Amino acid sequence: SYCLRGRRGRGWPSKCSIVGLERMITLRNIEKFFQHGPTRTFVLRRVNMEIREGEFVSIMGPSGAGKSTLLHLIGMHDTAWTGEYYFQEHAVHNLNKKDRGELYKRYFGFVFQSYHLLDNLTVYENLEIPLSYRNIKKSERESIVADTLDRFHIVGKKDLFPNQLSGGQQQLVAVARAMVANPKVILADEPTGNLHSSQGREIMEMFKQLNDRGTTIIQVTHNEANAAFGHRVIEIEDGWIADQGKEAPAL
């Protein structure tokens, strides 16, 4: 069995409350390096870790430690690595690029640090794209997008293009896009970095609500207040996992 340590206050129990969660992500001896002649520069070294279904995990560490590299590897955006990666029953390290892409589109949502919205599509169209990957009927897509626009208070922006939005508004749309298809896993790279404090807290509260309903969330952050919304902190230093069992700091 497995137990996430609860935190006192804010509705969290004082004792362990989640037991026997299924293993969702397993990394075994993962390494990533760049070759310069006979020299290898390692970005990740012998990474072994597990993420259980329903966890809310924060990856923390100094700049250049490998946090974002690890997150993009988990999100299957980076294929130049060695080792074993299991997502549920899928051996990701044995899948070809197309099958990895299908797995990602089916199960993952990603909030990038630099938005990654499609500039030639409106806000509405940017939100509809992830739903089209899942063969959802048009009428249902319209309902889901409308609900998401309302939830994020961006109904008035639906016909605008990304270059007509402020940086904070673009990040709100990026978070909405990651959530719109109700993925099993949300990966977030400094998700509130371009938002003011009240918007940032609103996003984190949304992540917490999704996690309470069963969505697994893995975020990279420098912000201890953001990390406090999760169950535990994985610390990475110079590409090595320094600690992966530390309870998140209390809010």
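Procedures and definitions
Throughout this description, residue numbers start from 1 for each chain and increase along the sequence as written. The predicted origin of the model limits local features to residues at a pLDDT of at least 70 and limits the giving and counting of side-chain atom pairs to 80 or more, whereas totals for whole chains, interfaces and linings rest on all residues. The basis for every side-chain value is the complete set of non-hydrogen atoms in the structure, without hydrogens or water. Side-chain rings of Phe, Tyr and Trp, where Trp is taken by its six-membered ring, are said to pair if the distance between their centres is within 6.5 Å; with planes under 30 degrees apart they count as stacked, over 60 as edge-to-face, and otherwise as tilted. Only protein chains enter the accessibility calculation, which uses a 1.4 Å probe. A residue is then buried if its area is under 20% of the maximum for its type, exposed if over 50%, and partly exposed in between. Think of a salt bridge as a Lys or Arg side-chain nitrogen and an Asp or Glu carboxyl oxygen that are within 4 Å of each other. Put simply, DSSP H or I for four residues or longer makes a helix, DSSP E for two residues or longer makes a strand, and each gets a number counted from the N terminus. We call two residues in contact whenever any of their non-hydrogen atoms come within 4.5 Å of each other. DSSP-based pairing: two strands are paired if at least 2 bridges between them are found.

Draft legend 1. Representation of the packing of aromatic side chains. The final tally for this structure, using the stated rule, is six aromatic pairs. Taking the centre distance of 5.3 Å and the plane angle of 55° together, the rings of Phe33 and Phe42 count as tilted. For Phe33, a relative accessible area of 22% gives the class partly exposed. Ring geometry for Tyr104 and Phe108: centres 5.9 Å apart, planes at 15°, overall stacked.

Draft legend 2. Representation of the pattern of salt bridges in the model. Summed over the entire model, instances satisfying the criterion amount to 14 salt bridges. Of the charged contacts, one joins Glu84 and Arg28 as a salt bridge, the two residues approaching to 3.7 Å between their closest N and O atoms. Taken together, the residues Glu84 in strand E6 (residues 82-87) and Arg28 in strand E3 (residues 23-36) connect sequence positions 56 residues apart. We classify Glu84 as partly exposed; its relative accessible area is 30%. In this structure Arg28 comes out as partly exposed when scored by relative accessible area, which is 42%. A salt bridge links Glu55 to Arg232, with the shortest nitrogen-to-oxygen separation between them at 2.5 Å. One end of the pair, Glu55, is in the loop between strand E4 (39-52) and strand E5 (56-60); the other, Arg232, is in strand E11 (residues 232-237), and 177 residues separate them in sequence. Judged by relative accessible area, Glu55 falls into the buried class, the value being 0%. On the basis of relative accessibility, which here comes to 7%, the residue Arg232 falls in the buried class. Each of Arg23, Glu50 and Arg52 takes part in a single network of salt bridges with overlapping partners.

Draft legend 3. Focus on the side chain of Asn126. Examined against the element boundaries, Asn126 turns out to sit in helix H3 (residues 123-132). Assessed through its relative accessible area of 1%, Asn126 is described here as buried. Ignoring any residue separated from it by four or fewer positions in sequence, one finds Asn126 in contact with Leu117, Leu118, Leu121, Pro162 and Arg177.

Draft legend 4. Just the pairing of strand E10 (residues 216-220), in detail. With five of its five residues buried, E10 lies for the most part within the structure. Burial of the side chains of E10 extends over both faces: Thr216, Ile218 and Val220 are buried on one face and Ile217 and Gln219 on the other. Pairing between E5 and E10: four bridges, direction parallel. Paired with Phe56 across the strands is Ile217, a residue of E10. As paired elements, strand E9 (residues 185-189) and E10 share five bridges and run parallel to each other. Residue pairing in the sheet places Ala188 in a bridge with Gln219 of E10.

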